[in-house]
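Below are the chains, spelled out letter by letter.
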Amino acid sequence: MKPIDIKQQFEQDWIRMFQNIANLFFEETEMTHGGTGDAEGAVRVSFAWTEEAGVLRGQADLRDESGAFSAEYSEEAAHNGDPKAEKRQLKRVLSHVFLDVLEQSTGIVQPWGILTGMRPTKLYHKMRREGLTHEEISERLVTEYRIAPEKIELMKRIVERQLKMIPDLDRIGEEVSVYIGIPFCPTKCAYCTFPAYAIPRRGNRVQSFLDGLHVEIEEIGAWLKERGIKVTSVYFGGGTPTSIEAHEMDALYETLFASFPDIREVREITVEAGRPDTITPEKINVLKKWDIDRISVNPQSYTDETLKAIGRFHTVQETIDKFHLSRNMGMNNINMDLIIGLPNEGTEEFAHSLAETEKLQPESLTVHTLSFKRASEMTRNKKKYKVADRGTAVKMMNMAENWTAENGYVPYYLYRQKNILGNLENVGYSKPGEESIYNIAIMEEVQTIIGLGCGASSKFVHPQTGRITQFHNPKDPAAYILSYSESIDKKIEMLDGLFGEPVAVD
């Protein structure tokens, strides 16, 4: 735990901002402010700022055990007297100088600059819609956010790919996509915080949950039909949606196809079959029955010892066998996931995972960087899990970039997380033309995503203003069973607020 003491007194939202930046450099930080910190070995920081002649100037001075460091940054004041805009700009200016002195002190350069949010490409899209050229966007990203040129180039490639895959990306806010969460898995992985409960083999918890989910699908489907709202994509996630039995999957898809408008015209339906130990010929036959051929078969790693360490009780060979089973039975678009920085893995193990992936040639490959999520087993017991250092994680990400390029994959979506190893990113790659429409839509927040099922998050995006409101279904199946009816009513109320009441027809 690295103690950091800020001389000035700040409100909590400022302290969170400073801590997010400090956490890019140190594994964990403890922030004090107002000169109250007296911990030995603390990093001590002081800020100053002025606004004169329409220019906002900021300065940071940092002192630690290695010496004293100072940074200055200024930009033209652009808030026009708006207090909220003034606060946003001052935050950006002080973020600049804070990042600068930390880079000087630690010798670590942050390629994403002051950007700590999840969706860098959303920022690129925003500037694109304002009519800026790539050169103008690049200049702003470097000047205002300190983003490295190689990351800006990655953002540009992804945005171009998204617009090629979804030419009407700027207009699909008139449609919606649907996420359906199945909260069960064979076991829960050590890094996971998704709703993922060990699937029970006794009792009626699964059936009670599915009963509620059928009602949700029917009610939301009726609302969509009544208003003539098109559905862009449907994504079954979780948990692992293929944890339930084949006949339960079949009944769920039957309800979906009966309830949703023009379901055969939906651009994409995806089912996460991420755990190979849940895939069976019977379940694949159900998917084929409903013309669903987009699935995931996720290895995460091709080292058996790693799979055991993170709580995945399938083997590497089972992943390979289930991939071939799925492919031979007609699954034409298979995604696979790999995670950089899993316990006891370095460049050698990751090179092996890439080599094994090369033999299979899935249509898409998502390369995740391990993130220490607050509620995960891995975060609660960090001493138990030895993970790669920052330098090794960066090498593995570079290996993934080179491998995907050599094998004909292109990057098409990107997101980042707090406490992500090496301050890196998660990148989705695909063969050209095989990109996931749902992944693009949810990452760029260009349309409303209606969440159904346990732990599903609905994200309501206003079609004109882009304003986002969220609603979360309960994560626990028992709580979901008791409250799904109220959740349906609340979501319909929020949808009515976005799309209006139905028009009466005489």
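Residues numbered from 1 in each chain as written. Predicted model: local features only at pLDDT ≥ 70, side-chain atom pairs only at ≥ 80, totals over all residues. Heavy atoms only, no water.

Draft legend 1. Looking closely at the packing of helix 3 (residues 120–129) against helix 4 (residues 134–145). Viewed as axis vectors pointing N to C, helix 3 and helix 4 meet at an angle of 130°, and their least axial separation amounts to 10 Å. Relative to helix 4, helix 3 is oriented oblique. For the pair helix 3 and helix 4, the sense of crossing is right-handed. Here L123, Y124, M127 and R128 of helix 3 lie close against helix 4, whose contacting residues are H134, I137, R140, L141 and Y145. Its residues placed into classes, the contact of helix 3 with helix 4 shows 6 nonpolar, 1 polar and 2 charged. (Axes fitted to C-alpha atoms, helices over the stretch in contact; angles between N-to-C directions. Helix = DSSP H or I, 4+ residues; strand = E, 2+ residues; numbered from the N terminus. Parallel < 35°, antiparallel > 145°, perpendicular 65-115°, else oblique. Left-handed = near helix turned anticlockwise from the far one by under 90°. Contact = heavy atoms within 4.5 Å. Nonpolar A, V, L, I, M, F, W, Y, C, P; charged D, E, K, R; others polar.)

Draft legend 2. Molecular detail of a negative patch on the surface. A cluster of acidic residues, E218, E219, E486, D489 and E493, forms a negative patch on the protein surface. At the level of secondary structure, the elements contributing two or more residues to the negative patch comprise helix 6 (205–227) and helix 15 (477–499). At 3 residues, the largest contribution of residues to the negative patch is made by helix 15. Tracing the backbone through its elements, the reader meets D489 in helix 15. Accessibility expressed as a relative area gives 52% for D489, which makes it exposed. (Patch = residues over 30% accessible without salt bridge, like charges linked within 9 Å, V, L, I, M, F, W, Y side chains within 5 Å. Areas by Shrake-Rupley, 256 points an atom, 1.4 Å probe, with all protein chains shown as cover. Salt bridge = Lys/Arg side-chain N within 4 Å of Asp/Glu carboxyl O. Lys, Arg positive; Asp, Glu negative; His and termini not counted. Charge placed at Lys NZ, Arg CZ, Asp CG, Glu CD. Buried < 20%, exposed > 50% of the residue type's maximum accessible area, 1.4 Å probe, protein only.)

Draft legend 3. Region of interest: the sheet that holds strand 5 (residues 67–76). As summarised here, the arrangement of the 5 strands in space is 2-1-3-4-5, forming an open sheet in which the pairing is mixed. The sheet is open, and its two borders are formed by strand 2 (29–33) and strand 5, each paired with just one other strand. Neighbour-to-neighbour, the strand axes of the sheet open up by a mean angle of 20°, direction not taken into account. Bridge count for strand 1 (residues 2–6) against strand 2 is 5 bridges, and the pairing is parallel. By the bridge assignment, K2 is partnered in strand 2 with T29. The strands touched by helix 1 (residues 12–22) within the sheet are strand 1, strand 2 and strand 3 (43–52), with strand 2 carrying the most contacts at an inclination of about 145°. (Pairing = 2+ DSSP bridges.)

Draft legend 4. Structural detail: the packing of aromatic side chains. On inspection of all chains with the given rule, the structure shows 20 aromatic pairs. Judged by centre distance (6.1 Å) and plane angle (85°), the rings of F10 and F47 are edge-to-face. With a gap of 37 residues between them, F10 in the loop between strand 1 and helix 1 and F47 in strand 3 connect regions that are remote in the sequence. For the pair F10 and F47, one class covers both residues: buried. Residues Y413 and Y415 carry aromatic rings whose centres are separated by 6.3 Å and whose planes lie at 5° to one another, so their mutual orientation is stacked. (Phe/Tyr/Trp six-rings, centres within 6.5 Å; stacked < 30°, edge-to-face > 60°.)

The values are spatial; any link to function lies outside them.
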